[in-house]
Amino acid sequence: MMNLKRLYTALKTDIKKADSVLGMNRRNLGYVYPSNPRKYFEFANNKLLTKKTLEAAELSVPETFLSVSYFYELTEMEEKLRRLKSFVIKPSSGSGGSGIVVISDYQEGDWLSVSGKTYTFADLKKHIADIIFGVYSFGLNDTAIIEERVVQNSLISELSPQGLADIRVINYKGSNIKAMLRIATIASDGRANLHQGGVGVAIDLESGKTFSAQVHGENITHHPDTGIALLGVTIPSWDALLRLSEAAAKAIPLGYLGIDIALSESGPVILEVNARPGIEIQNICGEGMRELLCTIDAGKSI
C-alpha cells in the first residue's frame, strides 16, 4: 500500500511538472503571436536594425565597422577591410550562428580566424558575397555586417575557451524570467548554439550563480572538452546584465524575447535579440516557464 502511495505521489508530481512546461505550440499561440506583432519582427530578424535601435537607446552593442548590401560595394571594400585586425563578419538576417566568421589577427596580408584558419582577401570577399546573395538567409538578399569582435571576460573565457559564450535571457513584458549561459565547445566549432553542440548552463536569476548544465540533453557538471567545473559559478556583472536585458526589452517593440548578451572585460554587450526564442532553456534549468508567464499575465511580480 505504501509503495502505491509513493507511486501515486511521484506520478502526480511528474504530471504537475509536465504541465508547467511551455510547449512549442503554446509558445507561439500564447506568447509569440499575441506579444510580438508581425510588423515588428524585423526589429529582431534584421540584426543591423536591432543594433541601430539599441544604439539609439544608448545600450551597449559591438561597434559596426562596415555594412555591405550590394555587390558593387565589394570593389571598394579591400582598403577598408585591411585597416581591421580583429572583427566579426555576420549575415544581418542569418540564424543559428550560420555564416559567422570571427577574425582574431592580421598577419602578412592575410587574416586568421579564432580557430586558426587563414583567410585571404579573396576568401573574405567571397564569404561576404555569399551573405549578400542570401546563402545564409534562405536565399533572400542580405547585408553583411562587419563588427567589433567582443573579447570576453576572463572568467567566462575560462569556461568557454573555444569561442564566445553568451547569456540568453528570456524576457516577457519587461520582466526577465529565465537565463542560461551558452558555452562553445570543439563539437560546436566555437559557436555557443545548443543545437550545434554548445553547452547550456542554467543561471539562478536572483544570485547569478550557475546550478545545472546539459549538452545534447545529457546532464553534465564539467565542460566536455576542458573538464572545468561549470556549476556554482557566479556570473560577473550579473545585476548590470539583467538591467541591460530589461532596457533592451523596453527599446525593442516586442513583448516576448530572447536577448543574447556577451560579457566583455568592460561589461555586458548585447549581441542580438530573438522574437521566437527556443524553449530548451526549460530543460537546462529543470523547470517550466508557464507559471512565471501566467504570474506576469495576472499582473503580479515574479
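Residues numbered from 1 in each chain as written. Predicted model: local features only at pLDDT ≥ 70, side-chain atom pairs only at ≥ 80, totals over all residues. Heavy atoms only, no water.

Visitor: Before we move on, could you go through the sheet that holds strand 3 (residues 101–107) and cite the residues and values that matter?
Guide: Taken in spatial order, the 6 strands make up an open sheet running 1-6-2-3-4-5, and their pairing is antiparallel. Only two strands of the sheet have a single neighbouring strand rather than two, namely strand 1 (64–68) and strand 5 (118–119). Alignment of strand 2 (residues 87–91) against strand 6 (residues 144–147), held across 4 bridges, turns out to be antiparallel. If you follow Pro91 over to strand 6, its bridge partner there is Ala144. Contacts from helix 4 (residues 47–56) reach strand 1, strand 2 and strand 6 within the one sheet, and its direction differs from that of strand 6 by about 45 degrees. Packing against the sheet, helix 6 (residues 121–133) makes contact with strand 1, strand 2, strand 3, strand 4 (110–113), strand 5 and strand 6, and its axis sits at approximately 30 degrees to strand 2. (Pairing = 2+ DSSP bridges. Helix = DSSP H or I, 4+ residues; strand = E, 2+ residues; numbered from the N terminus. Contact = heavy atoms within 4.5 Å. Axes fitted to C-alpha atoms, helices over the stretch in contact; angles between N-to-C directions.)

Visitor: Any chance you could break down the sheet that holds strand 11 (residues 218–220) for me, citing the residues and the numbers?
Guide: Strands in a sheet are paired, the pairing made by backbone hydrogen bonds, and the direction either parallel or antiparallel. The strand order 11-10-9-8-7-12-13 describes an open sheet built from 7 strands, whose pairing is antiparallel. A single partner strand is all that each edge strand has here, and the edge strands are strand 11 and strand 13 (267–274). Sheet twist, expressed as the mean angle between neighbouring strand axes with direction ignored, is 30 degrees. Relative to strand 8 (residues 175–183), strand 7 (residues 166–172) is paired through 7 bridges, and the arrangement is antiparallel. Considered in strand 8, the bridge of Ile167 is made with Leu181.

Visitor: Could you give an account of the packing of aromatic side chains, naming the residues involved and the relevant values?
Guide: In this structure the tally under the stated criterion is 7 aromatic pairs. On the basis of an interplanar angle of 65 degrees and a centroid distance of 6.0 Å, the ring pair of Tyr40 and Phe43 is categorised as edge-to-face. A relative accessible area of 22% places Phe43 in the partly exposed class. Between Tyr172 and Tyr256 the ring centres are 6.1 Å apart and the planes differ by 70 degrees, which places this aromatic pair in the edge-to-face class. Of this pair, Tyr172 sits in strand 7 while Tyr256 sits in strand 12 (residues 256–264), placing them 84 residues apart in sequence. Tyr256 carries the same exposure label as Tyr172, and that label is buried. An aromatic cluster of at least three residues, connected via ring pairs, comprises Tyr31, Tyr172 and Tyr256. (Phe/Tyr/Trp six-rings, centres within 6.5 Å; stacked < 30°, edge-to-face > 60°. Buried < 20%, exposed > 50% of the residue type's maximum accessible area, 1.4 Å probe, protein only.)

Visitor: Account for the layout of surface pockets, naming residues and giving values.
Guide: In this structure, the second largest pocket encloses a volume near 560 Å³. Ile177, Lys178, Glu287, Leu292 and Ile302 are, among the 26 residues lining the second largest pocket, the residues nearest its centre. Of all the secondary-structure elements, those providing two or more residues to the lining of the second largest pocket are helix 1 (2–19), strand 8, helix 8 (238–251) and helix 10 (290–297). No other element matches strand 8, which puts 5 residues into the lining of the second largest pocket. In terms of residue class, the lining of the second largest pocket is built from 10 nonpolar, 6 polar and 10 charged. (1 Å grid on protein atoms, 1.4 Å probe; cavity = no way out; pocket = protein on both sides within 12 Å on 5 of 7 lines; lining within 4 Å. Points joined across faces, edges and corners; volume = space filled by probe spheres on them. Nonpolar A, V, L, I, M, F, W, Y, C, P; charged D, E, K, R; others polar.)

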